[in-house]
Amino acid sequence: MKSYNLDRGEFVVLQRSDVSLVSEEGRNPLDEVVLTNKSLVLVVTVPDGAFRTARYLKRLPLEQALDDLGVPRTAVTKVDNSYVLNVAFSDETVSLCFAGGSAGAARRWEQAISSAAVGDLDGIGADDETGDMLGDLLEETKGTFGALFGGTGQPRKKAELPKRPMTVTKRCVGCHAPIVGRKGTVVTCSYCDTKQTL
Ligand SMILES: [Zn+2]
């Protein structure tokens, strides 16, 4: 069994091996990234002489990822075509790219690190590849939502204008429930009765 040099009372919450460390010099694949209830551990194996390798563990205490108000300093940003999770520790910011840039995995790990940092381990779900795909789909939806309502989404290519009325799916401006209807028509949300133009 691999050792992560865990402290007494420390245990592994999530672990992945398809993660790269993103820096100004580029992306360096890590052997593993391990989230425990106390720290984020980066594992890398490097050549040490001709026939040996050395395994290094870098431990980043989660308590150092909290700001003065106890809020985790994490953010998922889009770099080129992949999503990168940034976690600001007191001494350095660590940027990680999951599964070749999956938005879903980056978001799940952001959630997990935030939850672990504030001691809420129940809020951490399983990490699996099916979730990556689902997460990426949700990410696309979110981006559209941001573009429609002037949110903080990334700049997007201008959509081609439809030539005839088309059915669109939007989020209610009042309660965010999905609303389906013809583009340009005024509808009333069936959940919260907010009138709005699709
Ligand atoms: Zn509504």
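A short tour of the structure in this document, coming up.

**A look at the overall build of the chain**
Tallying secondary structure elements over the chain gives two helices and 13 strands in all. Looking at the chain residue by residue over its 198 residues, the buried ones come to 35%. By sequence separation, contacts in the chain at least 24 residues apart represent 41% of the contacts at least 6 residues apart. Working note: accessible area of the chain is about 12,700 Å², and carbon and sulfur atoms make up 52% of it.

**Here we look at the coordination of the zinc ion**
For the zinc ion, the full set of protein donor atoms is Cys 172 (SG), Cys 175 (SG), Cys 189 (SG) and Cys 192 (SG), at a range of 2.2 to 2.4 Å. Taken together, the four donor atoms surrounding the zinc ion define angles of 105 to 114° at the centre, an arrangement classified as tetrahedral. Mapped onto the sequence, the residues coordinating the zinc ion show the spacing C-x2-C-x13-C-x2-C. For Cys 172, a relative accessible area of 0% corresponds to the buried category. The class for Cys 175 is partly exposed, based on a relative accessible area of 34%.

**Points about the pattern of salt bridges**
All told, the structure shown has seven salt bridges when counted by the stated rule. The closest approach of N and O atoms between Arg 55 and Glu 32, which form a salt bridge, is 3.9 Å. Of this pair, Arg 55 sits in strand 6 (residues 53–61) while Glu 32 is found in strand 4 (residues 32–36), placing the two residues 23 residues apart along the sequence. Its relative accessible area of 3% is what places Glu 32 among the buried residues. Look at the salt bridges and you will find they share partners, linking Asp 7, Glu 10 and Arg 59 into a network.

**Details of the pairing of strand 10 (residues 167–171)**
Across the two faces of strand 10 the burial differs, with Val 168 and Lys 170 buried and Thr 167, Thr 169 and Arg 171 not buried at all. Pairing analysis gives five bridges linking strand 10 to strand 11 (residues 178–182), with the strands arranged antiparallel. When the sheet's bridge partners are listed, Thr 167 is paired in strand 11 with Arg 182. Here strand 10 hands over to strand 11 after six residues, with His 176 in that stretch at a positive phi of 70°.

**Thoughts on the sheet that holds strand 8 (residues 82–88)**
One open sheet accounts for five strands, arranged 3-2-9-8-7; its pairing is antiparallel. A strand with exactly one partner marks an edge of an open sheet, and here the two such strands are strand 3 (26–29) and strand 7 (74–79). The mean angle between the axes of side-by-side strands here comes to 35°, regardless of whether they run parallel or antiparallel. With three bridges joining them, strand 2 (residues 19–23) and strand 9 (residues 93–98) adopt antiparallel strand pairing. Residue pairing in the sheet places Leu 21 in a bridge with Leu 96 of strand 9.

**Here's the deal with the nonpolar core**
Counting residues in hydrophobic clusters, the biggest one holds 27 residues, and the most contacted among them are Leu 35, Leu 40, Leu 96 and Trp 109. Elements with a contribution of two residues or more to this core: strand 4, strand 5 (39–47), strand 8, strand 9 and helix 1 (103–117). A total of eight residues in this core trace back to one element, the largest contributor, which is helix 1. Residues in contact with Leu 96, not counting those within four places in the same chain, are Val 19, Ser 20, Leu 21, Val 22, Leu 30, Val 33, Leu 40, Leu 42, Tyr 83, Val 84 and Leu 85. Ranked by size, the runner-up nonpolar core spans six residues in total, among them Val 168, Cys 172, Val 187 and Leu 198.

**So, the pairing of strand 8**
In terms of burial, strand 8 is a largely internal element, six of the seven residues being buried. For strand 7 and strand 8, the ladder comprises six bridges, and the chain directions are antiparallel. Paired with Lys 78 across the two strands is Tyr 83, which belongs to strand 8. Linking strand 7 to strand 8, which pair antiparallel, is a turn of two residues; within it Asp 80 sits at a positive phi near 50°. Note that strand 8 and strand 9 share five bridges and pair antiparallel. Each bridged residue has a counterpart across the sheet, and for Ala 88 the counterpart in strand 9 is Thr 93. Counting the residues between successive antiparallel strands, the hairpin from strand 8 to strand 9 contains four residues.

Rules of the game
Residues numbered from 1 in each chain as written. Predicted model: local features only at pLDDT ≥ 70, side-chain atom pairs only at ≥ 80, totals over all residues. Heavy atoms only, no water. Helix = DSSP H or I, 4+ residues; strand = E, 2+ residues; numbered from the N terminus. Buried < 20%, exposed > 50% of the residue type's maximum accessible area, 1.4 Å probe, protein only. Contact = heavy atoms within 4.5 Å. Areas by Shrake-Rupley, 256 points an atom, 1.4 Å probe, with all protein chains shown as cover. Donors = N, O, S within 2.8 Å, 3.2 Å for Na, K, Ca; no water. Tetrahedral: all angles 85-135°; square planar, octahedral: opposite > 155°, others 65-115°. Salt bridge = Lys/Arg side-chain N within 4 Å of Asp/Glu carboxyl O. Pairing = 2+ DSSP bridges. Axes fitted to C-alpha atoms, helices over the stretch in contact; angles between N-to-C directions. Core = buried A, V, L, I, M, F, W, Y, C linked by side-chain atoms within 4.5 Å.

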